[in-house]
Amino acid sequence: MIALVLSSIALAYLGVVCFVLDDRRADTVMLPLLWLSSLIQVLVAAVFYRSPDPIHAVFLDMNGFGEVYGLRVDGTSVFTAFVVSTAGAVFLTYAVRYMDEKNVGHPHRGQKGRFYGWMMLFLGSTLAFIYSSTVLQMLIFFELMSLACWGVVGFYGSKRAERAALKALLIPNFGAIIGFYTAVAYGIKYGDLGLDFLGALPEREKMILFLCFMVAAFTKSAQFPLYSWIPDAMEAPTPASAFLHGAAMVEMGVYLLIRVVQFMEPPVTVFYPMALILVATLTVAMLQYPRQSDAKKLLAYSTIAECAIMYTGVAIAVLGSPLGIKAALFQLMNHAYLKGLAFLTAGSFTYYYGTLDMGRIKGLKETPLLAYSWSFSLLGLAGLPPFGVFFSKLYIYLNAGKMYDVPLGILLLLVVLADSVVLLYSALRSINSMIFSEGEPRRVDGIVSGALCSLILLSLTSAFIGYALLGVVQ
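What you see is a predicted model, and the numbers here were worked out from it, not measured in a lab. (Residues numbered from 1 in each chain as written. Predicted model: local features only at pLDDT ≥ 70, side-chain atom pairs only at ≥ 80, totals over all residues. Heavy atoms only, no water.)

Considerations on the pairing of strand E2 (residues 66-73)
Item 1. Buried residues dominate E2, accounting for 7 of its 8 residues.
Item 2. Pairing between strand E1 (residues 55-62) and E2: 7 bridges, direction antiparallel. In the sheet register, Leu60 faces E2, and the bridge partner there is Tyr69.
Item 3. Between E1 and the antiparallel strand that follows it, E2, lie 3 residues; Gly64 among them carries a positive phi value of about 90 degrees. (Buried < 20%, exposed > 50% of the residue type's maximum accessible area, 1.4 Å probe, protein only. Helix = DSSP H or I, 4+ residues; strand = E, 2+ residues; numbered from the N terminus. Pairing = 2+ DSSP bridges.)

Focus on a nonpolar patch on the surface
Item 1. Taken together, the side chains of Leu6, Phe59, Leu60, Met62, Phe65 and Ile188 present a nonpolar region at the surface, about 490 Å² in accessible area.
Item 2. In terms of residue count, the dominant contributor to the nonpolar patch is E1 (3 residues).
Item 3. By the element assignment, Leu60 lies in strand E1. (Patch = residues over 30% accessible without salt bridge, like charges linked within 9 Å, V, L, I, M, F, W, Y side chains within 5 Å. Areas by Shrake-Rupley, 256 points an atom, 1.4 Å probe, with all protein chains shown as cover. Salt bridge = Lys/Arg side-chain N within 4 Å of Asp/Glu carboxyl O.)

Examining the packing of helix H6 (residues 159-190) against helix H7 (residues 203-220)
Item 1. With their axes 7 Å apart at the nearest point, H6 and H7 run at an angle of 150 degrees to one another. As the angle between them shows, H6 and H7 are arranged roughly antiparallel. Crossing angle aside, the handedness with which H6 passes H7 is left-handed.
Item 2. When grouped by side-chain class, the residues that make up the contact of H6 with H7 number 15 nonpolar, 4 polar and 3 charged. (Axes fitted to C-alpha atoms, helices over the stretch in contact; angles between N-to-C directions. Parallel < 35°, antiparallel > 145°, perpendicular 65-115°, else oblique. Left-handed = near helix turned anticlockwise from the far one by under 90°. Nonpolar A, V, L, I, M, F, W, Y, C, P; charged D, E, K, R; others polar.)

A few points about H6
Item 1. Over its 32 residues, H6 extends 46 Å from the first C-alpha to the last, a length consistent with the 46 Å expected when each residue adds 1.5 Å.
Item 2. Its axis deflected by about 30 degrees at Ala176, H6 carries its strongest bend there.
Item 3. Just downstream of H6 lies Gly191, where phi reads positive at about 70 degrees. (Expected span 1.5 Å × (residues − 1). Bend = angle between axes of the 7 residues up to and from the residue.)

Structural notes on the UniProt feature "domain: NADH:quinone oxidoreductase/Mrp antiporter transmembrane" (unreviewed entry) in the protein chain
Item 1. Sites flagged by UniProt as "domain: NADH:quinone oxidoreductase/Mrp antiporter transmembrane" (unreviewed entry) map to residues 133-404.
Item 2. Its end C-alpha atoms 34 Å apart, residues 133-404 is made of 72% helix and 0% strand. (UniProt positions renumbered as here; feature names shortened; annotations may be inferred.)

Section: the side chain of Lys296
Item 1. With respect to the element layout, Lys296 can be found in helix H12 (residues 295-318).
Item 2. For Lys296, which is buried and forms no salt bridge, the nearest opposite charge comes from Asp294, at a distance of 6.9 Å.
Item 3. Within the structure, Lys296 has its side chain in polar contact with the backbone oxygen of Ala236 (distance 2.8 Å).
Item 4. There is a polar contact of 3.4 Å between the side chain of Lys296 and the side chain of Thr238. (Lys, Arg positive; Asp, Glu negative; His and termini not counted. Polar contact = N/O pair within 3.5 Å; in protein donor to acceptor, adjacent residues only side chain to side chain.)

Let's talk about the side chain of Ser462
Item 1. The residue Ser462 is located in helix H17 (residues 446-469) in this model.
Item 2. Here Ser462 is in contact with Phe330, Met333, Asn334, Tyr337, Gly388 and Tyr467, once residues within four sequence places are set aside. (Contact = heavy atoms within 4.5 Å.)

What about the environment of Ser377?
Item 1. Position of Ser377 relative to the elements: it lies in helix H14 (residues 368-381).
Item 2. Residue classification places Ser377 among the buried residues on the basis of a relative accessible area of 0%.
Item 3. Sequence separation between Ser377 and Leu341 is 36 residues, and the spatial gap between their C-alpha atoms is 6.1 Å.
Item 4. Setting aside anything within four residues of it in sequence, one finds Ser377 in contact with Leu338, Leu341 and Ala342.
Item 5. Within polar-contact distance, the side chain of Ser377 engages the backbone oxygen of Trp374 at 3.0 Å.

Following this line, the structure appears as structure tokens:
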């Protein structure tokens, strides 16, 4: 099992060789590495779920520091890596078409190698972060994810892209300094950098460190007040945006806090600042939905809100219910495929129409696949059945437990519901304008069709897959 995990991460990192390859060779090298890495993760999940015994492998142990480097293969890490790998494989396969010279909005020539290099670094660092067993490891891969994010956000080299890339690097880095550097300092103080030391801290230090980790997680996930970097990061090529929002970066903030709750069992008092920030975040997102004319900006604010909903599951766990962790992970999976579908559809607008301005995109009914994929993704993200997000939101409400005993918890749950209503309104307005109007048909090629159809299928089945896999999450 450990060998499989390491080989999957190594194959992703091998993809950085694409930096020095031309377009044709980059395609030839990237795709086998990507799919082999992803298939190994699927195999890891299959093997683990047949015998779900957690594995903790220590590779480096030093006097005075305790565990420095190792792997944790358990229900949480395997579940999350499965989502990242399967979604990432679809997104990067789509990039083979998106990153060519026929892209009307962003014609590319001779740039695939650089893009694939950054993306494979992104994928490898995300998987390594997921399986990390020490706070020092998590810090290293947290920063490598931010570096890869900087590379893809600034990919086009414009002044706006460069400013957005710097913002995407500095804001999560600020969170890393607050959260991980404090954690490493505590680890050195107690002579152990492994995640297990989090549970041995005194209650006061648990509270301080949890709040520091919350800063790290919330900056990564673009929560209030440091959320503006994520709409700006829409300067990235759309396959990178899909990965950034649907399978990496922002979800890894949620994953970080899940890990902290699992190993620390923080004091209940941290629920209150956490819930207040989530309410503020959801309120900001709701106010922004109706104002957006850019398709990717609309999806960016949706991501901010969907991450807040994942954190609502974590907040349930903070109040003492282990089902909160399952709720957060369930939402993470269902959101990944729907948000990926939304972004790849938006990327198709750029590719075939040359714009992301929803007011200029008309007559999608003449291109049925794009009409269906855009409708399904927006309605699904708003929480309508039969798409997965409906079931993960329902799971949160059915298992909110002590949230219903706390006024702030009730307010948070009401704001989650209100967010769905406002997003649904914006979605219906967009669908009416873009689909039920006159326009010219577009011919959607095989790679784009395959990616969109795959994500539609995953969006319809993720609730059933996720619910089955969550059984082994502790």
